[in-house]
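# Working through the structure, step by step
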Amino acid sequence: MRQIIKKLVFPLVLAITVVGCNRRGPAPVTGGFSDQELQQFTALSPIDAHTHVFADNPEFYPMLKKLNMHVLDILVVDDTNESRNSLTKESEEAWELVRKTNGHVSVCTTFDPYRFSQPGFAQAAILQINREFDKGAVAVKIWKNLGMEIKDATGQYLLPDAPVFEPIYRDIAAHNKTLIAHLADPSSSWEPPNPDSLAYLYFKRNPQWYMYAKSHPASKERILQARDHILEGNPSLRVVGAHLGSMEDDFNQLGQHLDRYPNFAVDLAGRMPDIMMQSRPQMIAFITRYQDRLIYGTDLEIGFGETGVSEKSAMWEENYAKNWRFLATGDILMVRGHAVQGLALPQSILRKLYRENALHWFPGLLGDLH
Ligand SMILES: [Zn+2]
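Below is a short write-up of the structure. Keep in mind it's a predicted model, so treat the numbers as computed, not measured. (Residues numbered from 1 in each chain as written. Predicted model: local features only at pLDDT ≥ 70, side-chain atom pairs only at ≥ 80, totals over all residues. Heavy atoms only, no water.)

## Points about the coordination of the zinc ion
Heads up, the condition is: Note that water is not among the atoms considered, so a metal site may appear incomplete; the donors listed are N, O and S atoms within 2.8 Å of the metal, with 3.2 Å applied to Na, K and Ca. Counting from the N terminus, the helices are the DSSP runs of H or I reaching at least four residues and the strands are the DSSP runs of E reaching at least two. Exposure classes here rest on a 1.4 Å probe applied to the protein chains alone. A residue is buried below 20% of its type maximum, exposed above 50%, and partly exposed in between.
Every protein donor of the zinc ion is accounted for by H50 (NE2), H52 (NE2) and D299 (OD), and the metal-donor separations fall at 2.1 to 2.2 Å. For the zinc ion, all donor residues lie on one chain, and their spacing in sequence is H-x1-H-x246-D. Here the residue H52 occupies a position in strand β1 (residues 47-53), and D299 occupies one in the loop between β8 (294-295) and β9 (300-302), the gap between them amounting to 247 residues. In this structure H52 comes out as buried when scored by relative accessible area, which is 2%.

Here's what the structure looks like:
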């Protein structure tokens, strides 16, 4: 019932807000950074802690330079996606990018979980990961193919807390590196088809991720419990949950997790619109309370050999600008057809979201021991 009231009342309140604002003048702010905004943004030396850049593209570096931005480039092995199915190629491209961008890029490596049943799997994965650590990788990613794709010998979905992965998690902790966990996503994967939703089109094109249509899928809850099991069993392992730890549907649940697991933080990548759609006072209170545990990121992506990046870089810049306005100013923005007001967070919190938390949760991110 509360949900229904929220759904009815929220747009009304926003509509009144917009009408009120229009009377006073300010219209929704759109587009890239103004000169003044750019100055404030670049002064933070911002970090985007969630990107996937698998192509050496000459347009990318100038954008990083202009925004004074450092990015964490996250590798992922996905055997269902041509531009993400070769770890060797991804790794080579990423390290090439690190060299060419003169310190603007860091690497989060991964391992190939599809080999989990091969003899000596964990040892081989550890050797490969350690080689990447030696080059300067600051983290290791596990992905939603654990829980949603790969099956064990008995036909059950292989979960991220399977004992075969435990030596890898211990190795990451022993090297004082961080585990990034992108699991059980999106929620609509477990829901009946809704032809009116964007997810419907996505699952038509990517049926491999539609768990509702699978026989005996692992539930979203079960997969997130497996992640929690890793957090409990490895208290010295830092874990960053990608995309708000896949808990964007329930900020209370997210808060409870952050309270329960001091070794857990989350990034905001791809979930800024979800944050923007929450009640403004509640979001200010949430971010203020968990200001040390939230890390800015976007999920910006450049696939193998991708061209046309100059158009994309304008789009990315607009995305960075919109997120910045929402977090740093009281401007009115249009989000999913609704007008919302920015949170106007204080500088001390903006510095944490955009920089200090990334440096804390990913030690060595800038190539030294921050
Ligand atoms: Zn991502």
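There's plenty left to go through after this.
## Overview of helix α5 (residues 121-135)
Selection rule: Take the residue count of a helix, subtract one, and multiply by 1.5 Å to get its expected span. Note on definitions: a residue-residue contact is assigned when non-hydrogen atoms from the two residues lie within 4.5 Å.
The end-to-end C-alpha distance of α5, which contains 15 residues, comes to 22 Å, matching closely the 21 Å that a straight helix rising 1.5 Å per residue would cover. Taken together, the buried positions of α5 are F121, A122, A125, I126, Q128, I129, N130, E132 and F133. Buried residues belonging to α5 abut α4 (87-100), β3 (105-110), β4 (139-142) and α7 (166-174). The positive-phi residue at the C-terminal boundary of α5 is G136, with phi of around 120°.

## Digging into the nonpolar core
Formally: In this text, buried Ala, Val, Leu, Ile, Met, Phe, Trp, Tyr and Cys residues form a nonpolar core when linked through side-chain atoms within 4.5 Å.
Counting residues in hydrophobic clusters, the biggest one holds 102 residues, and the most contacted among them are F60, F165, I168, Y320 and L327. In terms of residue count, the dominant contributor to this core is helix α14 (residues 309-328) (seven residues). Residues C108, A139, A265 and L359 belong to the second largest nonpolar core, which totals 17 residues.

## Concerning the pattern of salt bridges
Where side chains of opposite charge bring their charged atoms close, a pairing between them can arise. As a reminder, the rule being used: A carboxyl oxygen of Asp or Glu within 4 Å of a side-chain nitrogen of Lys or Arg is what we treat as a salt bridge.
A complete count under the given rule lists 15 salt bridges for this structure. For E317, the salt bridge identified is with K66, shortest N-O distance 2.8 Å. Of this pair, E317 sits in helix α14 while K66 is found in helix α3 (residues 60-67), placing the two residues 251 residues apart along the sequence. Note on E317: relative accessible area 14%, which makes it buried. Residue class for K66 comes out partly exposed when judged on its relative accessible area of 41%. Between D228 and R227 there is a salt bridge, and its shortest N-O distance comes to 3.3 Å.

All we've got here are geometric facts, nothing functional implied.
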